[in-house]
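# Architecture at a glance
Residue strings, one per chain:
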Amino acid sequence: MIDTAKIELKAGKGGNGAVAFRREKYEPSGGPSGGDGGDGGSIYLVADPNSTTLSDFRYKKSYKAQNGGDGLSKNRFGRKGDDLYLKVPLGTIVREETSGKIIKDLKESNQVFLIAKGGKGGKGNARYKNSVRQAPRFAQNGEKGQEISVSLELKMLADVGLVGLPNVGKSTLISVISKARPKIANYHFTTLDPNLGVVSLDNERSFVVADIPGLIEGASEGVGLGHDFLKHIERCRILLHIIDISGHEGRDPIKDYELIKKELKDYNEKLDQKIEIIALNKKDLDYNDNAKEFKKAYPDKLVYEISAATTTGIKELIDKISEILSKTKIEDSILDEKVEEDYLEEFYNQKEEMDLNFSKEDGYYLVSGKRIDNLLERVNFEDYDSRMFFETRLNEMKVFDSLRELGIQDGDLIRIGDIEFEYYR
């Protein structure tokens with residue numbers, strides 16, 4: 001099962017505004033008629049309850065939404081770029097790749113999350129007409145779409161999580177109580193993938209069971225595939241401990257139980273607070289009456305004696321599970337992740353830093369910053385009106401005031417982006 005993935009997301013760029021003039025018959029004066037560009041498409045993540053793996057993201061790592069269309073003549077707007085919706089399994093955690101911070105926990109069915117917003121379309125030249133500038137020959141380019149690299153991590157959402165050592169009968173049990181068909185054999189090692197099964201009691205009652213591959217000593221410290229499996233247990237409402245009560249091959253059921261309890265607690269202390277049911281499996285092979293000793297050791301535990309192979313005690317067990325689930329709220333049993341609610345907004349605001357920077361280097365006075373970059377995208381330096389617009393905006397942004405404070409004199413050179421010109425007051 002693929003339960004982690006790293007992907008790069010890029011929202012669509014906004015379309016460029018158009019430079020156009022009316023050319024209709026009987027309209028000798030013409031006039032600007034360039035339309036605005038369309039907004040770029042955004043990217044959304046959708047929590048899909050029918051998906052159980054991140055395998056769709058195993059080979060394709062980069063996703064891009066559609067760009068907006070450019071503006072057209074006759075004040076026609078460009079087409080909006082199509083939004084991109086990516087389906088991920090219910091229970092997927094979204095982390096910003098560089099910082100590792102959790103920006104979303106998709107734990108609600110069909111939950112939709114906007115993760116990258118498309119760029120705004122640029123304004124056409126019709127937008128820049130005024131009483132002084134009657135025929136602007138410039139338009140605004142569309143904004144870039146937001147970009148982000150994220151890690152997706154699936155923590156399986158299930159009502160019941162089966163836990164226990166390898167070869168205690170978890171796979172057999174889930175195959176008996178549901179339609180899941182895991183590989184079953186007398187393994188001395190753990191299987192490699194969790195299995196999900198739906199247990200249907202009748203038309204109105206059902207629940208989801210997750211067979212968590214067998215844990216081993218040291219799993220909480222990452223021994224074997226410990227962390228890969230333990231993370232899925234955090235999302236289960238009930239933990240069903242499967243114990244091999246037969247004592248086969250010299251195993252001690254009590255020590256086995258204590259080992260698993262320790263690993264769970266070492267991984268996350270809150271796991272010890274979850275509702276717990278113990279199923280003493282292989283009752284048909286309990287020739288030494290180990291079940292009696294186990295119950296004596298844990299008189300306050302909810303214990304059922306079963307045999308997954310012969311289905312003995314299975315009905316009573318699933319009826320009890322159904323009863324407990326009907327009395328518990330999902331939100332009370334799922335361990336929540338710490339989500340950095342404001343991080344995504346801060347992340348994108350960093351990309352939109354609007355401060356201007358002034359410096360002097362190699363005989364040039366340099367001006368840079370996002371506001372300047374946006375302005376340069378809107379200017380056609382071959383057009384006189386556009387150049388005048390550029391100079392007016394520099395004055396409004398107090399660029400020349402700041403340069404004078406820096407010591408600029410008449411005849412000194414200014415560099416803004418790729419543009420160079422002399423300063424005269």
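Calculation rules
- All residue numbers refer to position in the chain's written sequence, counted from 1.
- At least 70 in pLDDT is required for a residue's local features to be given in this predicted model, at least 80 for side-chain atom pairs to be given and counted, and no such filter applies to totals for whole chains, interfaces and linings, which use all residues.
- As a convention, hydrogens and water are excluded, and side-chain values are obtained from all of the structure's heavy atoms.
- Only centres within 6.5 Å qualify two rings of Phe, Tyr or Trp (six-membered ring in Trp) as a pair; their planes then separate them into stacked at under 30 degrees, edge-to-face at over 60, and tilted for everything else.
- Think of it in three bands: with a 1.4 Å probe and only protein chains considered, a residue is buried below 20% of the maximum accessible area for its type, exposed above 50%, and partly exposed in between.
- As a reminder, the over-ring test applies to NZ of lysine and CZ of arginine, requiring each to be within 6 Å of the ring centre and within 35 degrees of the ring normal.
- Segments assigned H or I by DSSP are reported as helices when at least four residues long, segments assigned E as strands when at least two residues long, and all are numbered from the N terminus.
- Between two residues, a contact is recorded if the distance between any of their heavy atoms is within 4.5 Å.
- Taking the helix axis as origin, the arc is that swept by the directions to the C-beta atoms.
- On a scale of 0 to 100, pLDDT captures the predictor's confidence in every residue.
- By definition here, a salt bridge exists when the distance from a side-chain nitrogen of Lys or Arg to a carboxyl oxygen of Asp or Glu is within 4 Å.
- N or O atoms within 3.5 Å of each other form a polar contact, as long as, within protein, one can give a hydrogen and the other can take it, and as long as residues adjacent in sequence are counted only when both atoms are side-chain atoms.
- Two strands pair under a simple rule: DSSP has to find at least two bridges between them.
- The axes are straight lines fitted to the C-alpha atoms, using for helices just the contacting stretch, and the angles between their N-to-C directions are given from 0 to 180°.
- In plain words, nonpolar cores are sets of buried Ala, Val, Leu, Ile, Met, Phe, Trp, Tyr and Cys residues tied together by side-chain atoms within 4.5 Å.
- With a 1 Å grid laid over protein atoms only, a set of points is called a cavity when a 1.4 Å probe fits there but cannot get out and a pocket when it is open yet has protein on both sides within 12 Å along at least five of seven lines; lining residues have an atom within 4 Å of a point.
- Grid points are joined across faces, edges and corners, and a volume is the space filled by probe spheres set on the points.
- Each residue receives one of three labels: charged for Asp, Glu, Lys and Arg, nonpolar for Ala, Val, Leu, Ile, Met, Phe, Trp, Tyr, Cys and Pro, and polar for the others, Gly being one of them.
- Each patch is built from residues that are more than 30% exposed by relative accessible area and take part in no salt bridge. Like charges join if they lie within 9 Å; nonpolar side chains (Val, Leu, Ile, Met, Phe, Trp, Tyr) join within 5 Å.
- Each accessible area is a Shrake-Rupley estimate made with a 1.4 Å probe; only the visible protein chains count as cover when residues are assessed.
- Only four residue types enter the charge count, namely Lys and Arg as positive and Asp and Glu as negative; His and the chain termini do not.
- The atom standing in for a charge is NZ when the residue is Lys, CZ when it is Arg, CG when it is Asp and CD when it is Glu.

### Here we look at the packing of aromatic side chains
The relation between two aromatic rings is expressed through the spacing of the ring centres and the mutual angle of the planes. One pass over the full model with this rule turns up 10 aromatic pairs. Where Phe 294 meets Tyr 298, the ring centres are 4.9 Å apart and the plane angle is 45°; that geometry is what we call tilted. Residue class for Phe 294 comes out buried when judged on its relative accessible area of 0%. Through a chain of ring-to-ring contacts, three or more aromatic side chains come together here, namely Tyr 257, Phe 294 and Tyr 298. Stacked on the ring of Tyr 364, the Lys or Arg Arg 415 has its end atom at 4.0 Å from the ring centre.

### Brief notes about the side chain of Gln 140
Position of Gln 140 among the secondary structure elements: in the loop between strand S7 (112-116) and strand S8 (147-154). Ignoring any residue separated from it by four or fewer positions in sequence, one finds Gln 140 in contact with Asn 16, Gly 17, Gly 122, Lys 123, Tyr 128 and Arg 378.

### A short note on helix H8 (residues 370-377)
The set of residues buried in H8 consists of Ile 372, Leu 375 and Leu 376. Seen along its axis, H8 keeps its buried residues to an arc of 100°; they face one direction. Next to the buried residues of H8 lie strand S16 (364-368), helix H9 (384-396), strand S17 (413-416) and strand S18 (419-422).

### Let's talk about unusual backbone geometry
If a residue is not glycine, its phi is most likely negative; likewise, a peptide bond is most likely trans. The phi dihedral of Asn 75 is positive, around 60°, even though this residue is not glycine. Checked against the element boundaries, Asn 75 lands in the loop between strand S3 (62-64) and strand S4 (84-89). Given a relative accessible area of 43%, Asn 75 falls into the partly exposed group. Even without being glycine, Asp 289 reaches a positive phi, approximately 55°. Structurally, Asp 289 can be placed in the loop between strand S13 (275-281) and helix H4 (290-297).

### Observations regarding the confidence of the model for the chain
Summarising the model, the chain shows a mean pLDDT of 83, and 87% of its residues fall at 70 or more. No element of the chain has a lower mean pLDDT than helix H6 (residues 330-333), at 60, and none a higher one than S3, at 96. Counted against residues more than four places away or in other chains, residues 216-227, with its pLDDT under 50, gives 23 contacts.

### Observations concerning the pattern of salt bridges
Following the criterion strictly, the structure yields 20 salt bridges and no others. Close ionic contact of Glu 293 with Lys 296 constitutes a salt bridge, the shortest N to O distance being 4.0 Å. Of the two residues, Glu 293 and Lys 296 both sit in helix H4, 3 residues apart, roughly one turn of that helix. The exposure class assigned to Lys 296 is exposed, which follows from its relative accessible area of 57%.

### Some remarks on the side chain of Arg 237
Counting through the fold element by element, Arg 237 comes out in strand S12 (residues 236-244). Within the local environment of Arg 237, its side chain forms a polar contact with the backbone oxygen of Leu 325, the two atoms lying 2.9 Å apart.

### What about the sheet that holds strand S2 (residues 43-48)?
Pairing between the strands of a sheet comes from backbone hydrogen bonds, and it takes one of two forms, parallel or antiparallel. The mixed open sheet is built from 3 strands, whose spatial order is S4-S2-S7. Each end of this open sheet is capped by a strand with a single partner; those strands are S4 and S7. The average undirected angle you get between the axes of adjacent strands in this sheet is 30°. Bridging between S2 and S7 involves 4 bridges; their strand directions are antiparallel. Bridging from a neighbouring strand, Leu 45 pairs with Phe 113 of S7.

### Some thoughts on the nonpolar core
In this structure, Val 160, Leu 173, Leu 240 and Ile 321 are the most contacted members of the largest nonpolar core, which totals 36 residues. Breaking this core down by element, the ones donating at least two residues are strand S9 (158-163), helix H1 (170-177), strand S11 (206-211), helix H2 (226-233), S12, helix H3 (253-267), S13 and helix H5 (314-326). Excluding residues that lie within four positions of it along the chain, Ile 321 makes contacts with Val 160, Phe 207, Ile 238, Leu 240 and Ile 277. Ala 116, Ile 148, Leu 152 and Leu 157 belong to the second-largest nonpolar core, a separate cluster that totals 29 residues.

### With respect to empty space enclosed by the protein
Left-over empty space is what a probe sized like a water molecule reveals as it rolls over the atoms. Counted under the stated rule, the structure contains 1 cavity of 30 Å³ or more. The volume enclosed by the largest cavity comes to roughly 60 Å³. Residue lining of the largest cavity: Leu 239, His 241, Lys 261, Leu 264, Lys 265, Leu 271, Asp 272, Lys 274 and Glu 276, and that is the complete set. Mapped onto the lining of the largest cavity, the elements with two or more residues apiece are S12 and H3. The dominant element in the lining of the largest cavity, judged by the number of residues it contributes, is H3, at 3 residues. By residue class, the composition of the lining of the largest cavity is 3 nonpolar, 1 polar and 5 charged.

### A short note on a negative patch on the surface
Residues Asp 39, Glu 143, Asp 373 and Glu 377 make up a contiguous surface patch of negative charge. If you trace the backbone, Glu 377 turns up in helix H8.

### Some remarks on the environment of Pro 49
Relative to the assigned elements, Pro 49 resides in the loop between S2 and S3. For the pair Pro 49 and Glu 108, spaced 59 residues apart in the sequence, the C-alpha separation amounts to 8.6 Å. Contacts of Pro 49, omitting those with residues within four sequence positions, involve Leu 90, Ser 109 and Asn 110.

### Concerning the sheet that holds strand S15 (residues 357-361)
Reading across the sheet, the 4 strands line up as S15-S16-S17-S18 and stay open at both edges, with mixed pairing between neighbours. At either margin of the open sheet sits one strand with a lone partner, and together these are S15 and S18. Going from strand to strand, the sheet's axes swing by 25° on average, the running direction of each strand aside. Taken together, the 4 bridges between S17 and S18 define a ladder with antiparallel strand orientation. Along S18, the bridge assignment pairs Ile 414 with Phe 421. Where helix H10 (residues 399-406) meets the sheet, it contacts S15, S16, S17 and S18, and its direction lies at approximately 45° from that of S15.

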